[in-house]
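Working through the structure, step by step
Below are the chains, spelled out letter by letter.
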Number of protein chains: 2
Amino acid sequence: MALEHAILVSLLEKPGSGYELARRFGRSIGYFWTATHQQIYRVLKRMQDDGWVDVRDVPQQGRPDKKEYSVADLGRAALSSWLHDPIEPESVRHDLAVKIRGAAFDDPTALIHEVERHRQAHRDQLAHYLAGQARDFPAPEPGSAAAQAPLDAERELQHVVLRGGIAYERMMIDWLDDVLATLAGFGPGR
Amino acid sequence: MALEHAILVSLLEKPGSGYELARRFGRSIGYFWTATHQQIYRVLKRMQDDGWVDVRDVPQQGRPDKKEYSVADLGRAALSSWLHDPIEPESVRHDLAVKIRGAAFDDPTALIHEVERHRQAHRDQLAHYLAGQARDFPAPEPGSAAAQAPLDAERELQHVVLRGGIAYERMMIDWLDDVLATLAGFGPGR
DNA sequence: GAATCCATGTAAGCTGTTACATGATTGC
DNA sequence: GCAATCATGTAACAGCTTACATGGATTC
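Keep in mind that what you see is a predicted model, and the values were worked out from it rather than measured.

1. Regarding the protein's contact with DNA strand D
Gln39 and Gly62 of chain A together with Tyr19, Gln60 and Lys67 of chain B are the nearest of the 22 residues found near DNA strand D. A share of 62% of the atoms of DNA strand D within 4 Å of the protein falls on sugar and phosphate groups. Between a base nitrogen of DNA strand D and a side-chain N or O atom of Gln38 of chain A, the distance comes to 3.1 Å. Elements represented by at least two residues in the surface near DNA strand D include exactly α3 (37-49) of chain A together with α2 (18-24), α3 (37-49) and β2 (66-71) of chain B. Among the residues forming the surface near DNA strand D, the class breakdown is five nonpolar, eight polar and nine charged.

In structure tokens:
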């Protein structure tokens, strides 16, 4: 299980409330790990009981008070230990692939709209990633001060993960084009 | 949930026992959907109760008897209905990406071995896919009878899913190379 | 007046994993 | 003799999803 660890990473990058974490898991962190707020609150409680995180009550004006969580020493140690533990390459679950193979026993062309929808979703996601990259990681001018600046591990590692997301979306778009071409070979209306 | 549907697709491709299904979920189907035998037995029982599959006792010599499952009309209808239902692009859970971003708060170079291990696993998987493709989907000679043969939906769709697996592994290998280059930028011993 | 945002939670149910259990046959 | 393969299951637990619940502040 890595939800605890994903939360630790997110809180190390920036402390925040359960609500804020839930939003991050719907955005930046959500690109490679999703979680609902119910899950996050439950896990945060356990992490607090285990001494992995510290809590601070933050009163607010015009808004409900919030509990701001930050990583405690025990949490840092737990993350470090997990980082040094090998994990198995994760098992894939790809509904769309099940559907595509299943389409052989139904009408293959009926799947075209569905695949097009997914392709569009991946295009949107790619555009979103590329915009984020342009905003947060502009290419440094060669020879400029920035190009020679010492490497900031946090930034560089965030960037390489983002590049992974970009590569994934591009691969998916290309593959879904391939799928559409294959499906078109059976139709129309066949 | 798509485990039921993955089982339906697998049984349509070829009827078999729970044990055989479990093996398929560790091989061909397992490339995009995994399941353990415990899960499969439980779901098969439910599918049988719901009338989605038929069972036939098959006595065997020198081996325990087995129950051979095949798809019933209700199962076929359930699959068809699922195929026509739109599904949301699935949420991703990528442990390694969590680790990579987490490495910023630990020793980034300690992750190199782990990433290399994963890269090797993806290389092995790619080699396996390519061997399967060469075996099951040899390129037809242009102008040959095979090249003009009517399209076999089951085969073509299996092939396009396999091509997706190949594209995925290639993407992952390239990305993990990128990750390694990034990690190397912080070391050695830094 | 309705919808959305901020903020936190409970409860029920389903899915999935891990461990345990049995028992015959085949290959080393 | 030991391990692996074939074959099917039970039980306990952990993880995740969906639905429900509350309540003030802001925006349309």
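2. Quick look at the interface of chain B and chain A
Each partner contributes to the interface: chain B provides 70 residues, whereas chain A provides 70 residues. Of the roughly 6600 Å² buried where chain B meets chain A, counting both sides, 67% is carbon and sulfur surface. Across the contact surface, chain B and chain A share four salt bridges. Salt-bridge contacts for Glu13 of chain A lead to Arg101 of chain B; the nearest nitrogen and oxygen are separated by 2.7 Å. Summed over the shared surface of chain B and chain A, the number is 30 residue pairs in polar contact (both at pLDDT 80 or more). Where the side of chain B that touches chain A is concerned, the elements lending two or more residues are α1 (3-13), α4 (73-84), α5 (95-102), α6 (112-136) and α8 (153-184) of chain B. The dominant element in the side of chain B that touches chain A, judged by the number of residues it contributes, is α8 of chain B, at 17 residues.

3. A closer look at the relation of the copies chain B and chain A
Of the transformation placing chain B onto chain A, the axial shift is 0.0 Å and the rotation is 180°, giving an RMSD of 0.1 Å. The transformation just described matches what one would write down for a two-fold rotation axis. Within chain B, Met171 of chain B has its C-alpha nearest the rotation axis, a separation of 3.5 Å. Taken together, the interface assignments show that 100% of the residues at the interface of chain B recur at the interface of chain A, consistent with an identical surface on both copies.

4. Topic: the protein's contact with DNA strand C
In the vicinity of DNA strand C, 22 residues are found, and the nearest of them are Tyr19, Gln60 and Lys67 of chain A together with Gln39 and Gly62 of chain B. Within 4 Å of the protein, the contacting atoms of DNA strand C are drawn from sugar and phosphate to the extent of 61%. Side-chain polar atom of Lys67 of chain A to a phosphate oxygen of DNA strand C: 2.7 Å apart, as the coordinates give it. Contacts to DNA strand C include Arg46 of chain B, whose side-chain N or O atom sits 3.2 Å from a phosphate oxygen. When residues of the surface near DNA strand C are traced back to their parent elements, those giving at least two are α2 (18-24), α3 and β2 (66-71) of chain A together with α3 of chain B. Of the residues in the surface near DNA strand C, the class split is five nonpolar, eight polar and nine charged.

5. Thoughts on the packing of aromatic side chains
All told, the structure shown has two aromatic pairs over all chains when counted by the stated rule. A cation over a ring is seen here: Lys99 of chain A above Trp82 of chain B, with NZ or CZ 5.4 Å from the ring centre.

6. Observations regarding the nonpolar core
Formed by 94 residues in total, the largest nonpolar core has its most connected members in Ile7, Phe25 and Ile100 of chain A together with Ile7, Phe25 and Ile100 of chain B. Once residues within four sequence positions are removed from consideration, Ile7 of chain B is found in contact with Leu21, Phe25, Ile40, Val43, Leu44 and Met47 of chain B.

7. Considerations on the UniProt feature "domain: Transcription regulator PadR C-terminal" (unreviewed entry) in chain A
In the numbering used here, UniProt assigns the "domain: Transcription regulator PadR C-terminal" (unreviewed entry) feature to residues 92-183 of chain A. Its end C-alpha atoms 23 Å apart, residues 92-183 of chain A is made of 74% helix and 0% strand.

8. A word on the pattern of salt bridges
For the structure shown, the criterion picks out 18 salt bridges over all chains. Its salt-bridge partner being Lys99 of chain A, residue Glu114 of chain A comes within 3.0 Å of it at the nearest N-O pair. One end of the pair, Glu114 of chain A, is in helix α6 (residues 112-136); the other, Lys99 of chain A, is in helix α5 (residues 95-102), with 15 residues separating them in the sequence. The class of Glu114 of chain A is buried, set by a relative accessible area of 8%. Of the residues examined, Lys99 of chain A reaches a relative accessible area of 0% and is grouped as buried. Taking the shortest distance from any N to any O, the salt bridge between Glu68 of chain B and Arg56 of chain B comes out at 3.0 Å. Highlighted residues: Glu68 of chain B in strand β2 and Arg56 of chain B in strand β1 (residues 53-58), separated in sequence by twelve residues.

9. Remarks on α8 of chain B
Between its first and last C-alpha atoms α8 of chain B spans 46 Å; for 32 residues at 1.5 Å apiece the expected length is 46 Å, and the two agree. You can read the cap of α8 of chain B off the contacts: a side-chain oxygen lies 3.1 Å from the backbone nitrogen of Glu154 of chain B, and it is on Asp152 of chain B.

10. Thoughts on the packing of helix α8 (residues 153-184) of chain A against α8 of chain B
In helix packing, the relevant descriptors are the interaxial angle and the interaxial distance, both defined with respect to the helix axes. For the pair α8 of chain A and α8 of chain B, the least separation of the axes is 10 Å and the interaxial angle reads 165°. The angle between α8 of chain A and α8 of chain B falls in the class roughly antiparallel. Crossing handedness for the pair α8 of chain A and α8 of chain B: right-handed. Residues of the contact of α8 of chain A with α8 of chain B, tallied by class, amount to 18 nonpolar, four polar and six charged.

11. Focus on the environment of Trp52 of chain B
With respect to the secondary-structure elements, Trp52 of chain B resides in the loop between α3 and β1. For Trp52 of chain B and Glu4 of chain B, which are 48 residues apart along the polypeptide, the C-alpha to C-alpha distance reads 9.4 Å.

About the criteria used
Residues numbered from 1 in each chain as written. Chains lettered and ligands numbered in written order. Predicted model: local features only at pLDDT ≥ 70, side-chain atom pairs only at ≥ 80, totals over all residues. Heavy atoms only, no water. Near = heavy atom within 4 Å. Polar contact = N/O pair within 3.5 Å; in protein donor to acceptor, adjacent residues only side chain to side chain. Helix = DSSP H or I, 4+ residues; strand = E, 2+ residues; numbered from the N terminus. Nonpolar A, V, L, I, M, F, W, Y, C, P; charged D, E, K, R; others polar. Contact = heavy atoms within 4.5 Å. Buried area = accessible area lost by both parts, 1.4 Å probe. Salt bridge = Lys/Arg side-chain N within 4 Å of Asp/Glu carboxyl O. Least-squares fit on C-alpha atoms with pLDDT ≥ 70 in both. Phe/Tyr/Trp six-rings, centres within 6.5 Å; stacked < 30°, edge-to-face > 60°. Lys NZ or Arg CZ within 6 Å of the ring centre and 35° of its normal. Core = buried A, V, L, I, M, F, W, Y, C linked by side-chain atoms within 4.5 Å. Buried < 20%, exposed > 50% of the residue type's maximum accessible area, 1.4 Å probe, protein only. UniProt positions renumbered as here; feature names shortened; annotations may be inferred. Expected span 1.5 Å × (residues − 1). Axes fitted to C-alpha atoms, helices over the stretch in contact; angles between N-to-C directions. Parallel < 35°, antiparallel > 145°, perpendicular 65-115°, else oblique. Left-handed = near helix turned anticlockwise from the far one by under 90°.

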